[in-house]
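# Architecture and fold: a report
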Amino acid sequence: MSEQIQRNNIKNLELRARMPQIFRVLAIAALAATVIAIGIGFYRAYGYKEFRMKGLPTELSKDVVAEINDYERRETEGDVLKYYIKADKATTFTDNHQELENVFLQVYDDAGEKFDQMTAEKAIYIPAENKNFTAFFAGDVNIETRDALKVKTDQLTYNKETETADAEELIEFSRENVAGKSVGAIVNIRDKTLELLKDVEINAYGNGEGEFKSSDFQRAKITAGHAFLNQLAGKIEFDQNVNINVTPNKNAGELAQPTDIKSDKAIASFTDKELKQIDLNGNVDVYQKPTDANTKWTKTKANRAVAKIDKELKQLELFDNVTIETTANDAKPTKIKTNYALYEKDADKFQLKNGVEIVTVEDNQPTTIHSQDAVYEQSNGKIFLSGNAEIMQGNNYLKGDNLTAQLFPNKKLQNAYVRGNAYLKQSTPERTTEVSGNELNAIFGNDQLLQNANVVGATNTVLIPANADEYSKVTLSALNSIKLNFQAGLLSQMQTEGRTTIMMNAPNNKPDASNKKLTADAVKTVLNANGKDLAKAEAVGNAELYIEPLQSAPANYKTTINAPRFDCDFFETGNNARNCSATGKSKVMRMPTIATANRGTQTLAADKLNAAFNQQTQDIQQFDAVGNTKFTELDRNGIANQITFTASDEVVRLRGGEPTIFDSRARAKAGEIDWDTRNEKSFLRGNVSTTYYSQKQTNGATPFSDVSSPVFITAGDANFDHRTEIATYTGNARAWQENNYVRADKLILQQKQGQLYGEGSVQSLLYDAKKKENGKETIVPVFASADKLFYTKDKNLLRYEGNVDIRQGTDRIVAGVASVVLNDKNEVSNTVAENNVIITQPNRKAVGDYAQYTATDEKVILRGNPARIDDSENGSSQGAQMTVFLREKRVIGESKTEQNNSGRIRTVYKVKKQ
């Protein structure tokens, strides 16, 4: 604080300190009346000390006993003059009452030098029993004391028995620059009280001398319907529309404030400030009390000591409908309203009760304070509020059960501590910020703008957008504390301790939008410079992010993300998260809002995870997972070093490491895998390798015999339709079980139908195929090649089409089409070849359009136009149909058949034994 401000503060305190002088004049008036009463008592030589005026009795005697004109008397003690009285006329009546005309009285001090003086047009003295009396003064009664107090009234009555002095008419008094008046007054000498009965007014002017010479104020005024002074209790009570007004001098400094106080009742309490006018003579000992712990009592001797007793204001109590208004340098006023106020001068403190309102204005920015009760330490600039306490300054609002505030010198809020149901609200055109908790501390700058707000204990913070159609509502709750920082009065940062939850509710009128909830052990959020939009959020310790769509739909999922830490960035506007990066072991769970067949909860786990959000819907737009990633839905799983999930198409992209998808029946690996979870399809590219855990898991869709052994399929690429259970392998596709295999450019496995289709450069090997030769059964693998291959489990049929070439041992069949029927052991039972059939064996060749081989009887039926068999040893034969009995080594030829009746030749060959 600068030196100038300190000087101004001192002047302001001095101005308030002069208020006791206004009240002090009432006490002086009472003492002056006492002094004058002493003088009248000496006039009658009864030794009575004090009297005042009241209504004159009507039964007084009119019979004169004695009359004295130009009456004059001096009373002395030794050589010291005690009083002097004179009157134009003094009359004594038979009832011993006395009347004086044009009275003049002087009562001197103990030294016989200074005196109190009184004049009146008429005075009446009425004696009573036991040396009591009543004295009446009437007509232009004027009193002037040795302390320069002047009193003027028309009537004054003093009753010795009751020791009361009454003035029923207007009474006016003044001392130096203090003047006052009231209609009627009562002084009780015994109890040392003074009562001003009606229309009380006291004025103090700043152009006086002595204590008022500094002229720090131009005028101070007190008005009331009634006033009562109790000298022993050191109190003055005002009631009935009490008004106190102080007008400072314009040169008193920038902090000098005009003050208006109003109440139904006021009590001013006084305390002894110093001794006043006590003379001690002869061997006087004066003791001085220690001023601190380092000093001792001191004793001083003198022949004479003179001291004064002075009074100063101790406290001022105001009751009912109290208003206090002060104004600094022509600025707008500071106003206090309450039903009770107690001002303690030494502490410069107000105690306010039963409903309090304090309003200050600076640069058209009001600060309004409300509470049930308050303590206002004016010099210290501190306010203690209790009971529904609240402070409003600019766009900031504070409230709570109890509130302690520190004010700047300009009476603006510097900081506030709120305890019990603490609440802070900041309102801007764009947004309302609300903070609540058990304890709250708020700090403001010289510019009246909020700088910091800290809440201890369980707390909640809410950011409510003015534009609910474009901005998300943000709610933040913390278990232990929250710290809010402001820049230029705008919220810039929020930091919590203890389990924290941030709710980000989607804007209105957007049914496709989602709400978000972020939970962690501690959260820090940073806002953009405009104080309107969230920029970043850090969630540390057991962090969880929950996203819930506003509407349920088959394509909408409730998403939960767990990680040790989240770091989130936000879009430039809207308080909507752009992306959240999860550090450490992370897990995502996506639960459908509407259950559908073959769809279930999806999980994604990884060492590190990033979630990107759609700005419009605020729902997940994309997941990027890195390190030991795994995606699961129902029985289907996917693993890779990196997984990317896009919500628009619900595709899981597996990359890096060895991407693999698997379920309870099979697993597949590839260089890249795209898993379309919405359409239940998977696309595998590069070095595809599939393992069906057993032939049974293929639903028998492959022509392999061992139902318990795994089936393997490899290819360049593959597409899986999980819904139809169709797998398509392309690019050097190969399926095998142990030594049996099927190879083609494309293989299509249809599990539900139990079918296998191969296309392009088809090759197959049935390694365990059995062959009967000469009545003996041996295992001879069957090799086949063709353009296409069809396998049907229900018919147990293998069909080859296009350039068919089947070999078993030394036997070979070439045809356009070949169908191989397998038995229940997956062994060759029947083979039919069609279109340009050529069968070759060692030293034998058969040609026809149709050939059928039956394993049970080892018979071959050959048809053609004509069918022909060439044997290097036994010659050749041809006909419409040729039947070869391999076991018997004989051939039967027919010229006509049901299929061909145009033949003309029939030949029978006897096959020789080898």
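A quick note: this is a predicted structure, and the numbers were derived from the prediction, not measured.

Calculation criteria
- Residues numbered from 1 in each chain as written.
- Predicted model: local features only at pLDDT ≥ 70, side-chain atom pairs only at ≥ 80, totals over all residues.
- Heavy atoms only, no water.
- Helix = DSSP H or I, 4+ residues; strand = E, 2+ residues; numbered from the N terminus.
- Contact = heavy atoms within 4.5 Å.
- Core = buried A, V, L, I, M, F, W, Y, C linked by side-chain atoms within 4.5 Å.
- Buried < 20%, exposed > 50% of the residue type's maximum accessible area, 1.4 Å probe, protein only.
- Disulfide = S-S within 2.5 Å.
- Phe/Tyr/Trp six-rings, centres within 6.5 Å; stacked < 30°, edge-to-face > 60°.
- Patch = residues over 30% accessible without salt bridge, like charges linked within 9 Å, V, L, I, M, F, W, Y side chains within 5 Å.
- Areas by Shrake-Rupley, 256 points an atom, 1.4 Å probe, with all protein chains shown as cover.
- Salt bridge = Lys/Arg side-chain N within 4 Å of Asp/Glu carboxyl O.
- Lys, Arg positive; Asp, Glu negative; His and termini not counted.
- Charge placed at Lys NZ, Arg CZ, Asp CG, Glu CD.
- Pairing = 2+ DSSP bridges.
- Polar contact = N/O pair within 3.5 Å; in protein donor to acceptor, adjacent residues only side chain to side chain.
- pLDDT = per-residue confidence, 0-100.

What follows covers the overall build of the protein. Check the secondary structure of the protein and you find 2 helices and 56 strands. In the protein, the proportion of contacts linking residues at least 24 apart, taken out of those at least 6 apart, comes to 46%.

Turning our attention to the nonpolar core. Membership of the largest hydrophobic core comes to 183 residues, with the highest contact counts inside it found for Phe-238, Leu-398, Ile-561, Phe-566, Tyr-729 and Tyr-800. Ranked by residue count, the leading element in this core is strand E31 (residues 534-549), at 6 residues. Not counting the four nearest positions on each side in its chain, Ile-561 is found in contact with Ala-543, Glu-544, Leu-545, Ile-547, Phe-566, Lys-587, Val-588, Leu-609, Ala-611, Ile-620 and Phe-623.

Mapping Thr-792 onto the fold places it in strand E48 (residues 782-792). With sequence-adjacent residues up to four places away left out, Thr-792 is seen in contact with Gly-754, Gln-755 and Leu-797.

This part covers the state of the cysteines. A full pass over the atoms with the stated rule returns 1 disulfide. The disulfide partner of Cys-568 is Cys-580, and the S-S distance across this bridge is 2.0 Å. Around the S-S axis, the bridge from Cys-568 to Cys-580 shows a dihedral of about 115° and counts as right-handed. Remark: Cys-580 occurs in strand E33 (residues 577-592) and Cys-568 occurs in strand E32 (residues 557-570); sequence separation between them is 12 residues. Like Cys-568, the residue Cys-580 is buried in the burial classification.

Attention now goes to the packing of aromatic side chains. Enumeration according to the criterion identifies 12 aromatic pairs in this entry. Between the aromatic rings of Tyr-343 and Phe-350, the centroid separation amounts to 4.7 Å while the plane-to-plane angle is 40°, which identifies the pairing as tilted. Both residues of the pair, Tyr-343 and Phe-350, belong to the buried class. An aromatic cluster is defined as three or more aromatic residues linked by ring pairs; in this entry it consists of Phe-623, Phe-631, Phe-645 and Trp-675.

Turning our attention to a negative patch on the surface. Where like charges cluster on the molecular surface, the negative patch consists of Glu-121, Asp-140, Asp-154, Glu-168 and Glu-169. Its place among the elements puts Glu-168 in strand E7 (residues 164-175). Note on Glu-168: relative accessible area 42%, which makes it partly exposed.

Direction of pairing for strand E24 (residues 450-465) relative to strand E26 (residues 481-487): antiparallel, over a ladder of 5 bridges. From the neighbouring strand, Val-456 faces E26, where its bridge partner is Ser-481. The sheet contact formed by E26 and strand E27 (residues 490-497) spans 7 bridges and is antiparallel. Along E27, the bridge assignment pairs Phe-486 with Leu-491. What sits between the antiparallel neighbours E26 and E27 is a turn of 2 residues, in which Ala-488 has the positive phi angle 55°.

What follows covers the pairing of strand E53 (residues 859-871). Note: strand E52 (residues 844-854) against E53, 9 bridges, orientation antiparallel. Residue pairing for E53: Ala-851 is matched across the bridge by Leu-862. Hairpin remark: E52 followed by E53, antiparallel, with 4 residues in the connecting loop; positive phi at Glu-858, about 50°. Relative to strand E54 (residues 875-885), E53 is paired through 10 bridges, and the arrangement is antiparallel.

Right, let's get into the pattern of salt bridges. Per the counting criterion, the structure on display carries 28 salt bridges. Between Asp-567 and Arg-565 there is a salt bridge; the shortest N-O distance is 2.8 Å. Classification of Arg-565 as partly exposed rests on a relative accessible area of 29%. Glu-672 serves as the salt-bridge partner of Arg-655, at 3.9 Å between the closest nitrogen and oxygen. Taken together, the positions of Arg-655 in strand E37 (residues 651-655) and Glu-672 in strand E40 (residues 672-676) put the pair 17 residues apart, joining distant regions of the chain. Residue class for Arg-655 comes out partly exposed when judged on its relative accessible area of 22%. The network of salt bridges with shared partners includes Arg-599, Glu-633, Glu-650 and Arg-678.

By the secondary structure assignment, Thr-698 is in the loop between strand E41 (681-692) and strand E42 (711-721). Here the side chain of Thr-698 touches Gly-700 through a polar contact of 3.3 Å, landing on its backbone nitrogen. Beyond its immediate sequence surroundings of up to four residues, Thr-698 is in contact with Tyr-692, Val-711 and Gln-751.

Turning our eyes to something else, we now look at the environment of Val-526. Secondary-structure assignment places Val-526 in strand E30 (residues 522-527). Residues Val-526 and Gln-493, 33 residues apart in the sequence, show an inter-C-alpha distance of 4.4 Å. Among all residues touching Val-526, those that are not within four sequence positions of it are Ser-492, Gln-493, Leu-534, Ala-535 and Lys-536.

With that settled, consider unusual backbone geometry. The omega angle of the peptide bond from Asn-865 to Pro-866 is -5°, so this bond is cis rather than trans. One can find Pro-866 in strand E53. At Asn-96, a position not held by glycine, the phi torsion is positive, near 70°. Positionally, Asn-96 belongs in the loop between strand E2 (80-93) and strand E3 (98-108).

Mapped onto the elements, Glu-101 comes out in strand E3. Judged by relative accessible area, Glu-101 falls into the partly exposed class, the value being 37%. Along the sequence, Glu-101 and Thr-119 sit 18 residues apart, while their C-alpha atoms lie 9.9 Å from each other. In this structure Glu-101 touches Ala-87, Asp-88, Lys-89, Glu-121 and Lys-122, once residues within four positions along its chain are discounted.

On to the environment of Asp-79, then. Within the secondary structure, Asp-79 is located in the loop between strand E1 (64-77) and E2. Sequence spacing of Asp-79 and Gly-112 is 33 residues, and the spatial spacing of their C-alpha atoms is 8.6 Å.

In the predicted model, the protein carries a mean pLDDT of 80, and the fraction of residues at 70 or more is 82%. With pLDDT under 50 throughout, residues 208-217 is counted as low confidence; its partners more than four residues away or in other chains account for 34 contacts. Scored below 50 in pLDDT, residues 302-309 shows 35 contacts in the model against residues more than four places distant or in partner chains.

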